[in-house]
Amino acid sequence: MSSGTQIKAKAAARKSKTSSPLPSSPEPSVKPQPKPSDKLNPKTIDPFAAPSRTPSAFAATYAKGGIPCRLMHGSVKHRLHWECPLETVPFDPLLVTLAEGLRETKHPYTFVSKEGFKELLLVEGATEKAIPLLPRLVPVLKAALAHSDDGVFERGLDALVQLSAVVGPSLNDHLKHLLTNLSRRLMDKKFREKITVALQMLEQYGGKATVTIIKSKIPTYCSVFP
């Protein structure tokens, strides 16, 4: 092979090496830019990172001291300590706020909302204070009764019975909005007895007119009145 031929061969080899990078020295990889849709899906960004969750309205209100009570931890059971006499606590908007808290699933919000709602309805003059709030309370209780979490549903059901005991027949005008979710849960064996008892208590507090309302949504219901 002539020297000219050797030079051309070497030049061709060098050109081939520069055109295709060697495995031992790869070019630095460029990270792809995140797509706008990635921000809508935390798992796309980092599947192992704890998802950031904006505090609920109830949790934010509690943290800011908007609910005038605090949880007292006892050796046997917890209790609420109110910062002022309950008789002086305004029902509007506190009773509605506590009802909204029934949809919480974490401690201490679950206890504060459930116990606070119950204790507020026990004060003197609760009937006159609660009745004007029914148009705002009923949608909130309806949301709790429609919740997929069993604990939220049970707290909503307990709160409904407690409210009925205080406002009596005044709840009848709003009862239809709440019975649909009770009818659905009635198919679940673990809630059947609890819901039946709740319906009977609603009837007792609401009077005989409540029977017709309940039967319009739950035809199989049997009245407690003879």
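Residues numbered from 1 in each chain as written. Predicted model: local features only at pLDDT ≥ 70, side-chain atom pairs only at ≥ 80, totals over all residues. Heavy atoms only, no water.

Looking at an unreviewed UniProt entry, the protein chain carries the name Parkin coregulated like, with the source organism given as Phasianus colchicus.

1. Re helix H9 (residues 176–185)
For H9, every residue scored as buried is listed here: Leu 178, Leu 179, Asn 181, Leu 182 and Arg 185. Buried residues of H9, seen end-on, are gathered within an arc of 165° and therefore sit on one face of the element. Contact partners of the buried residues in H9: helix H7 (134–145), helix H8 (150–167), helix H10 (189–206) and helix H11 (209–217). (Buried < 20%, exposed > 50% of the residue type's maximum accessible area, 1.4 Å probe, protein only. Helix = DSSP H or I, 4+ residues; strand = E, 2+ residues; numbered from the N terminus. Arc of directions from axis to C-beta. Contact = heavy atoms within 4.5 Å.)

2. What to know about the pairing of strand S1 (residues 69–72)
The alternating pattern of S1 places Cys 69 and Leu 71 on a buried face, while none of Arg 70 and Met 72, on the opposite face, is buried. Sheet analysis places S1 next to strand S2 (residues 79–82), joined by four bridges and oriented antiparallel. Paired with Met 72 across the two strands is Arg 79, which belongs to S2. (Pairing = 2+ DSSP bridges.)

3. Structural notes on the confidence of the model for the protein chain
Across the protein chain, pLDDT averages 83, with 76% of residues at or above 70. Predicted confidence in the protein chain is weakest over helix H2 (residues 42–45), with a mean pLDDT of 37, and strongest over H8, with 98. Confidence over residues 36–52 falls short of pLDDT 50; this stretch has four contacts with residues more than four positions distant or in other chains. (pLDDT = per-residue confidence, 0-100.)

4. Observations concerning the side chain of His 174
On the secondary structure map, His 174 appears in the loop between H8 and H9. Setting aside anything within four residues of it in sequence, one finds His 174 in contact with Leu 134, Pro 135 and Val 138.

5. Quick look at a positive patch on the surface
Where like charges cluster on the molecular surface, the positive patch consists of Lys 142, Lys 176, Arg 184 and Lys 217. Turning to its location among the elements, Lys 176 is positioned in helix H9. For Lys 176, a relative accessible area of 46% gives the class partly exposed. (Patch = residues over 30% accessible without salt bridge, like charges linked within 9 Å, V, L, I, M, F, W, Y side chains within 5 Å. Areas by Shrake-Rupley, 256 points an atom, 1.4 Å probe, with all protein chains shown as cover. Salt bridge = Lys/Arg side-chain N within 4 Å of Asp/Glu carboxyl O. Lys, Arg positive; Asp, Glu negative; His and termini not counted. Charge placed at Lys NZ, Arg CZ, Asp CG, Glu CD.)

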